[in-house]
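Inside the fold
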Amino acid sequence: NWNPTDVTTLSPSHRNIYQGLCVFDYQTQYETALTYRNAEKPFVIRNDPKVTSVARRWEDDPEYLHRALGDVEEFRTERSPSELFMWYRLRGGGKHAAPEGYERPENDEVEMTYGEWLEHALEKDGRALGDEDA
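Residues numbered from 1 in each chain as written. Predicted model: local features only at pLDDT ≥ 70, side-chain atom pairs only at ≥ 80, totals over all residues. Heavy atoms only, no water.

What about the packing of aromatic side chains?
A ring pair, where both rings are aromatic, is described by two values, the distance of the centres and the angle of the planes. Rules: Classification of ring pairs rests on two measures: the distance between centres of Phe, Tyr or Trp rings, Trp counted by its six-membered ring, which must be within 6.5 Å, and the angle between planes, read as stacked under 30 degrees, edge-to-face over 60 and tilted in between. In this text, helices come from DSSP runs of H or I with a minimum length of four residues, and strands from runs of E with a minimum of two, each type numbered from the N-terminal end. Here's how the labels work: a residue is buried when its accessible area is under 20% of the maximum for its type, exposed when over 50%, partly exposed in between, all with a 1.4 Å probe on protein chains only.
In the structure shown here, the tally under the stated rule is five aromatic pairs. When the centroid spacing of 5.8 Å and the interplanar angle of 55 degrees are considered together, the rings of F24 and F43 count as tilted. Of this pair, F24 sits in strand β1 (residues 22–25) while F43 sits in strand β2 (residues 43–46), and the two are 19 residues apart along the sequence. What makes F24 buried here is its relative accessible area of 7%. Pairwise contacts between aromatic rings join F24, Y36 and F43 into one cluster.

Structural data, given as structure tokens:
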């Protein structure tokens, strides 16, 4: 366990990153990736032509997403009082019930336009990067 907001607390000799997730190639390991997805296991997928195409479009035109989503329609988004977003999904009872002492993450859901979301995201990004104006 470590402080997820300050990795500099780890000594330089312990800052190695180890890939702990399976990485699948979309072109050759798609069925295996589906098995992981259906079992709700984390994994990384590489070489998906649709994702590559979208990523190129967004990279070539930074305003593409803003134009597509606009500043009128509101979308559901998660908000956290800290920079930590803990994903969770509790199922019914039995073996999937919340463990004793479980505390739900402080995230909540709000609705906002893409423009509002982008403004918040850039403000937080500026703070994270040490931008004095953010």
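Comments concerning the side chain of T77
The condition that has to hold: Any two residues whose heavy atoms approach within 4.5 Å at even a single point are treated as in contact.
By the element assignment, T77 lies in strand β3 (residues 75–79). On the accessibility criterion, T77 (15% relative accessible area) is buried. In this structure, T77 is in contact with D108, E109, V110, M112 and W117, ignoring residues within four places of it in sequence.

Notes on unusual backbone geometry
In the Ramachandran plot, E40 falls in the positive-phi region, its phi being about 55 degrees despite a non-glycine side chain. With respect to the helices, strands and loops of the structure, E40 is situated in the loop between α1 (26–38) and β2. With a phi close to 70 degrees, N47 is a non-glycine residue in the positive phi region. Secondary-structure assignment places N47 in the loop between β2 and α2 (49–60).

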